[in-house]
Amino acid sequence: MASQIQAEARRLALGVRQKRASGLDAFLNEYRLSTDEGVVLMCLAEALLRIPDSDTRDRLIRDKIGGADWSRHLGRSDSLLVNASTWALMLTGRVVRLDTPGVGEGEAGGIIGRLIARSGEPLIREAVLQAMRIMGRQFVMGRTIDEALERGRAAEARGYRHSFDMLGEAAKTRADAERYVAAYGTAIGAIGQASAGRGPIAGPGISVKLSALHPRYEFAQAERVMAELVPRLRRLALQARQLDIALCVDAEEADRLDLSLDVMAAVFTVPELAGWEGFGLAIQAYQKRAPAVLDWLADLARSHGRRLQVRLVKGAYWDSEIKRAQERGLPGYPVFTRKVNTDVSWLACCRKLLAAPDAFYPQFATHNAHSIAFARVLSGGHYCEFQRLHGMGEELYDQVVGEGGSACRVYAPVGSHEDLLPYLVRRLLENGANTSFVNRLADAEQPVDELVADPLGKVAALRSVSHPGIRLPADLYQSERRNSRGVDLNDPMALTDLAAAMLRAESAWAAAPLVAGTSTSGSAPRAAIDPADRRRQVGTVIDAAAADVEAALVAAEAAAPAWAALAAESRAALLDQASDLYEAHTAELMALCVREAGKTIADSLAEVREAVDFLRYYAARARRDFGVAQLLPGPTGESNRLGLHGRGVFACISPWNFPLAIFTGQVSAALAAGNAVIAKPAEQTPLIAHRAVRLLHQAGVPPQVLQLLPGDGAAIGGRLVADGRIAGVAFTGGTDTALSINRTLAGRLGPIVPFIAETGGLNAMIVDSSALPEQVIGDVLTSAFQSTGQRCSALRLLFLQKETAERTLRMLAGAMDELRIGDPALLSTDVGPVIDDEARQTLHAHSARLDHEARPIRTLDLPSGTEHGTFFAARAYELADARLLEREVFGPILHVVRFAGDRLDAVLDAIGAAGYGLTLGIHSRVDSTIRHIVARARVGNIYINRSMIGAVVGTQPFGGEGLSGTGPKAGGPYYLPRFATERTVSANTAAAGGNATLLSLEDED
């Protein structure tokens, strides 16, 4: 059988090479991602057609076109599509270069060159737009379903069938979902009429994305999804059944697999669909769970006595899955890290499908000659349906259609060119990767026998099953430190275990001063209250008395020299041990964060992971910076060594908004540097701090070296800061408090005391008209409302370019409606309570002012069940001028300002004039705009999103407080001397982070 498969695969591959490539195949063959021109085209195709204003379009064209060498692609292809596009791009590139002094005079000289130059940017713009439209027509079957059905008739006459996909991004609002449902319904009606009774196998069908049917299609919102999305899909399925056409549910990210199967099963088992074999779904072979999913589906189909249609694909989100697992610190990857392993998995799934004809009607989606040959030979010549993408694989499948009972269905996108863009770029990424079969088949230097070799043989020859260039998430930081361990909050089994552990951990928590390891009896106990329900007491707290402060100072001063003398490696080992203890107590620490600080489940997990990462990060820095002293060059006979040493006793004063992560970051940095520490936690969250100190002591940090003083900030913190035995202060909190500490330290006699402060800010995000609104909204919701807006780095000011502002604001209002406010102990909660009533009253006062001075965009209603907590409804306002926002507003209030595209410098001036510089976000596809902002903005952390595909993953989202899995925030390391302002710039350029050339992302969707 193996030799038969090999021969068939070789025949198909040679048949393609003997033909002239056309359509997208020809285009992708010429403009691969390995070329600068291929990357430029990807950028232009993704953004250009949806940018409404000419100025931004011109900037994007100038940004991308001028540096590429288009002329070298002219005439290398026989395809009219390729050459027409190349002429437009080459002409444009030459004109663009005329604007650059000293460049291109010789190229575009003469009368024609001068004429073009005088025609200016409108001509350039139209040329590039036309090139993009040419590309768009190749990728999309039709702008409307009627146009697509008409265009598909010629292919049907040659034996092809179609499954039509109504293009569009995932729904962000209820209105989006309703629009997509209506579009699907209209399309089903038109397809049913065109099918004319041919049935779900011989006739055309439709493909449906569940993420388009509900704005919160995610596991955390499973209850809503089952109640709201299932009826929508059921209506569409019943309509398809009535018209007797096929309906296929498309596959999406691994996070959604369990939820997808629940939705699919709920619809498949509807009694009204009995006897209809047109319902199906796509299965991604690159997911390690694919074979098990097929077993589950087989049981489901057999239990109801009818077959499921199964489209077997290899998968279209590989890069996102890899990066997402790394950031979340998962034990492994949900997908295979080698392309060849995905190929083998596809073959194994193919076997399962063919072995269960009573359960499945298989549809093999591939552009790979060996995969096609395998399915044909294994089926024994019986009927076999394949699928390909519209515009691709025609030369391959023209050899298959009608031969030996084989049929081919074309996956045909339908929609406007603006809607096709993310889809188009994904296709470019998948098929332009250097290990893609489509890519390699077009390379005449690639031997055919090697291309069609059995993937099983390739796997057998590997030294390791996993890809050596893709480390496990735990090894993300290589040998420096381990990544913090996460919990998959989309895994029902993991959630069950986590919930049980958190319930077991809940107890009558208590906190008290820890002075030299002893809990003192300071003042009378006070109650610690749950901010989500002030009727619930979380625990008791004993605040430190004046005697405790003095005792802690005496003990710390005495312990500091021995701790500083301890080898850096030994200090680092204790911090690593503490990180392991934190991880072992993840559920308990999360429960504390939920109950004492009002943090959601997701935020609590991130809090613990960031704290763990701080411990490991500073342990690594201790080894690197405080190990062997550095030998400096000098005159003969001298030995000059540079070493770092602890200063003495550090006072670490931490906030309530990150009561574990920032508390641990301050303490671990000071300990790593060889300092004794007196930690003063926020009044609102001493229980968390007390448990953290106990774990550090358990790890081996001497009790005299690390001491805890809960209590009033002015009484405890003020006394510590003023005391001459304090050799340094680390503080995170309000600007007013930081200024007060600074004045106190400045007035002290003796040595100048280092003061490391991180305060809040009026953090801004700048969004130009090249940004994709769906990506913008995702980042805005995360940054403005995650942690109930109680982050130092939360988004406060959103600047929107006026040309796209109205659409973005409509989407923002609708997306805010989908947020869920409530008990943070529920996985479905997005926004929990603010920390206390004082914070709530401050927010109400600010909102009352804005109700008169600004335009309300959206104010959410507080649901029932929040009456007894300190909840504040998230809201957004549009300001006429950014100067209306005079100081930081610490909570879930977003302020929006529109700006003209030519007034970007005025925006930057307004941000600078605010006097804050913690974080800045940028959403733009124009590199020159990004460079200009980065060069001018005086901001410590800049997050750039120039992502070119739909899902934003990768670098920490704007507003992150140093999210777990990405390393501590740029505020650290606390113990290093500061001779210059530290600054970090994080750019999210693509979901793969540039891995497209490492592995094929997917070449057969």
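Residues numbered from 1 in each chain as written. Predicted model: local features only at pLDDT ≥ 70, side-chain atom pairs only at ≥ 80, totals over all residues. Heavy atoms only, no water.

Draft legend 1. Expanded view of the overall build of the protein chain. Looking only at helices and strands, the protein chain has 35 helices and 28 strands in total. Looking at the protein chain as a whole, 60% of its 1005 residues qualify as buried. Across the protein chain, the fraction of contacts at a sequence separation of at least 24, relative to all contacts at a separation of at least 6, is 78%. (Helix = DSSP H or I, 4+ residues; strand = E, 2+ residues; numbered from the N terminus. Buried < 20%, exposed > 50% of the residue type's maximum accessible area, 1.4 Å probe, protein only. Contact = heavy atoms within 4.5 Å.)

Draft legend 2. Local environment of the sheet that holds strand β5 (residues 308-313). Around the barrel, 8 strands lie side by side as β1-β2-β3-β4-β5-β6-β7-β8; this closed barrel has parallel pairing. This sheet shows a mean twist of 30° between the axes of neighbouring strands, independent of strand direction. Contacts between helix α11 (residues 222-243) and the sheet are confined to β2 (205-208), β3 (246-249) and β4 (279-284), with β3 contributing the most and set at about 150° to the helix. In the packing of helix α12 (residues 257-268) onto the sheet, contacts are made with β4 and β5, and the angle to β4 comes to roughly 160°. (Pairing = 2+ DSSP bridges. Axes fitted to C-alpha atoms, helices over the stretch in contact; angles between N-to-C directions.)

Draft legend 3. Focus on helix α25 (residues 586-597). With 12 residues, α25 ought to run about 16 Å at 1.5 Å a step, and its terminal C-alpha atoms sit 16 Å apart, in line with that. By the criterion of burial, α25 is predominantly enclosed, with 12 of the 12 residues buried. Within the sequence span of α25, burial applies to Thr 586, Ala 587, Glu 588, Leu 589, Met 590, Ala 591, Leu 592, Cys 593, Val 594, Arg 595, Glu 596 and Ala 597. (Expected span 1.5 Å × (residues − 1).)

Draft legend 4. Spotlight on the state of the cysteines. Following the criterion strictly, the structure yields 0 disulfides and no others. Free cysteine: Cys 350, not disulfide-bonded; nearest cysteine sulfur from Cys 384 at 6.8 Å. (Disulfide = S-S within 2.5 Å.)

Draft legend 5. Summary view of unusual backbone geometry. The backbone phi angle of Ala 196 is positive, close to 55°, even though this residue is not glycine. If you trace the backbone, Ala 196 turns up in the loop between α9 (174-195) and α10 (199-202). Its identity is not glycine, yet Ser 787 carries a phi of approximately 60°, on the positive side. Structurally, Ser 787 is set in the loop between α31 (773-785) and β22 (797-801).

Draft legend 6. Representation of the pattern of salt bridges. Per the stated rule, a full pass over the model turns up 63 salt bridges. Salt-bridge contacts for Asp 823 lead to Arg 595; the nearest nitrogen and oxygen are separated by 3.7 Å. With Asp 823 in the loop between α32 (802-817) and α33 (837-853) and Arg 595 in helix α25, this residue pair connects regions lying 228 residues apart in the sequence. Under the relative-accessibility criterion, Asp 823 is labelled partly exposed at 28%. Taken together, the shared-partner salt bridges connect Glu 480, Arg 481, Asp 613, Arg 621, Arg 624 and Asp 625 into one network. (Salt bridge = Lys/Arg side-chain N within 4 Å of Asp/Glu carboxyl O.)

Draft legend 7. Structural detail: helix α26 (residues 601-625). The terminal C-alpha atoms of α26 lie 36 Å apart, and with 25 residues this matches the ideal 36 Å at 1.5 Å per residue to within 8%. With respect to burial, α26 is a largely interior element, 21 of its 25 residues being buried.

Draft legend 8. Representation of the packing of aromatic side chains. By the definition in use, this model includes 8 aromatic pairs. With 6.0 Å between their ring centres and 45° between their planes, Phe 386 and Tyr 397 make a pair best called tilted. Remark: Tyr 397 occurs in helix α17 (residues 394-397) and Phe 386 occurs in strand β7 (residues 384-389); sequence separation between them is 11 residues. Tyr 397 gets classed as buried once you look at its relative accessible area, which sits at 0%. Arranged with centres 5.9 Å apart and planes meeting at 0°, the rings of Phe 614 and Tyr 618 form a pair that is stacked. Here Tyr 618 and Phe 614 lie together in helix α26, a separation of 4 residues that amounts to about one turn. (Phe/Tyr/Trp six-rings, centres within 6.5 Å; stacked < 30°, edge-to-face > 60°.)

Draft legend 9. Quick peek at the sheet that holds strand β13 (residues 533-541). One open sheet accounts for 3 strands, arranged β9-β13-β12; its pairing is mixed. With one partner strand each, in any of the chains shown, β9 (509-511) and β12 (526-530) form the two edges of the open sheet. The mean angle between the axes of side-by-side strands here comes to 50°, regardless of whether they run parallel or antiparallel. Relative to β13, β9 runs parallel, the two being bridged by 3 bridges. Each residue of the ladder has a partner; that of Trp 509, found in β13, is Gly 539.

Draft legend 10. Representation of the nonpolar core within the structure. Counting residues in each nonpolar core, the largest one holds 91 residues, and the members touching the most others are Leu 233, Leu 247, Phe 279, Leu 297, Leu 308 and Phe 360. Among all residues touching Leu 308, those that are not within four sequence positions of it are Met 264, Phe 268, Phe 279, Gly 280, Leu 281, Leu 297, Ala 301, Ala 359, Phe 360 and Tyr 361. Counting residues in hydrophobic clusters, the runner-up holds 64 residues, among them Trp 509, Tyr 582, Leu 615 and Tyr 617. (Core = buried A, V, L, I, M, F, W, Y, C linked by side-chain atoms within 4.5 Å.)

Draft legend 11. Fine view of the pairing of strand β26 (residues 919-923). Across the 5 residues of β26, 5 count as buried, placing the element largely inside the fold. Burial along β26 is two-sided: the residues Thr 919, Gly 921 and His 923 and Leu 920 and Ile 922 are all buried. Where strand β21 (residues 764-767) and β26 come together, 4 bridges link them in parallel fashion. The residue of β26 that forms the bridge with Ala 764 is Leu 920. The pairing of β26 with strand β27 (residues 941-945) spans 5 bridges and is classified as parallel. Paired with Leu 920 across the bridge in β27 is Ile 942.

Draft legend 12. Highlighting the environment of Ile 283. Relative to the helices and strands, Ile 283 resides in strand β4. Between the alpha carbons of Ile 283 and Val 313 there is a distance of 6.1 Å; along the sequence they are 30 residues apart.

Draft legend 13. Molecular detail of the pairing of β4. Among the 6 residues in β4, 6 count as buried, and that is most of the element. The alternating pattern of β4 places Phe 279, Leu 281 and Ile 283 and Gly 280, Ala 282 and Gln 284 on opposite faces, both of which are buried. The pairing of β3 with β4 spans 3 bridges and is parallel. Each bridged residue has a counterpart across the sheet, and for Val 249 the counterpart in β4 is Leu 281.

Draft legend 14. Seen up close, the packing of α25 against helix α28 (residues 686-699). Axis separation between α25 and α28 bottoms out at 9 Å; the angle between their running directions is 160°. In terms of orientation, α25 and α28 fall into the roughly antiparallel class. In this structure, α25 meets α28 at a crossing whose hand is left-handed. Here Glu 588, Leu 589, Leu 592, Cys 593, Glu 596 and Ala 597 of α25 lie close against α28, whose contacting residues are Pro 686, Leu 687, Ile 688, Arg 691 and Leu 695. Residues belonging to the contact of α25 with α28 are distributed by class as follows: 8 nonpolar, no polar and 3 charged. (Parallel < 35°, antiparallel > 145°, perpendicular 65-115°, else oblique. Left-handed = near helix turned anticlockwise from the far one by under 90°. Nonpolar A, V, L, I, M, F, W, Y, C, P; charged D, E, K, R; others polar.)

Draft legend 15. Quick peek at the confidence of the model for the protein chain. Mean pLDDT over the protein chain works out to 85, with 83% of the residues at or above the 70 mark. Counted against residues more than four places away or in other chains, residues 948-981, with its pLDDT under 50, gives 128 contacts. In this model residues 989-1005 is a low-confidence stretch, pLDDT under 50, and it forms 73 contacts with partners more than four residues away in sequence or in other chains. (pLDDT = per-residue confidence, 0-100.)

Draft legend 16. Here's a closer look at the packing of helix α24 (residues 568-584) against α28. It is the contact of α24 with α28, at a shortest axis distance of 8 Å, that shows an interaxial angle of 130°. When the axis of α24 is compared with that of α28, the two are oblique. α24 and α28 meet at a crossing whose hand is right-handed. Only Ala 692, Leu 695, Leu 696, Gln 698 and Ala 699 of α28 make contact with α24, whose side of the interface consists of Leu 574, Gln 577, Ala 578, Leu 581 and Tyr 582. Class assignment of the residues belonging to the contact of α24 with α28 gives a composition of 8 nonpolar, 2 polar and no charged.

Draft legend 17. Region of the structure containing the side chain of Thr 829. Mapped onto the fold, Thr 829 is located in the loop between α32 and α33. By relative accessible area, which is 8% here, Thr 829 ends up buried. For Thr 829, the residues in contact, after removing those within four places along its chain, are Thr 600, Arg 820, Ile 821, Gly 822, Asp 823 and Pro 824.

Draft legend 18. Up close: the environment of Gly 832. Inspection of the secondary structure puts Gly 832 in the loop between α32 and α33. Between the alpha carbons of Gly 832 and Gly 789 there is a distance of 9.8 Å; along the sequence they are 43 residues apart. Residues within four places of Gly 832 in sequence aside, it is in contact with Gly 598, Thr 600, Thr 788, Gly 822 and Phe 871.

Draft legend 19. Layout of the environment of Ser 379. Inspection of the secondary structure assignment puts Ser 379 in the loop between α16 (369-378) and β7. As a C-alpha pair, Ser 379 and Leu 354 span 25 residues in sequence and 6.6 Å in three-dimensional space. In terms of polar contacts, Ser 379 uses its side chain to reach the backbone carbonyl oxygen of Arg 376, at 2.8 Å. (Polar contact = N/O pair within 3.5 Å; in protein donor to acceptor, adjacent residues only side chain to side chain.)

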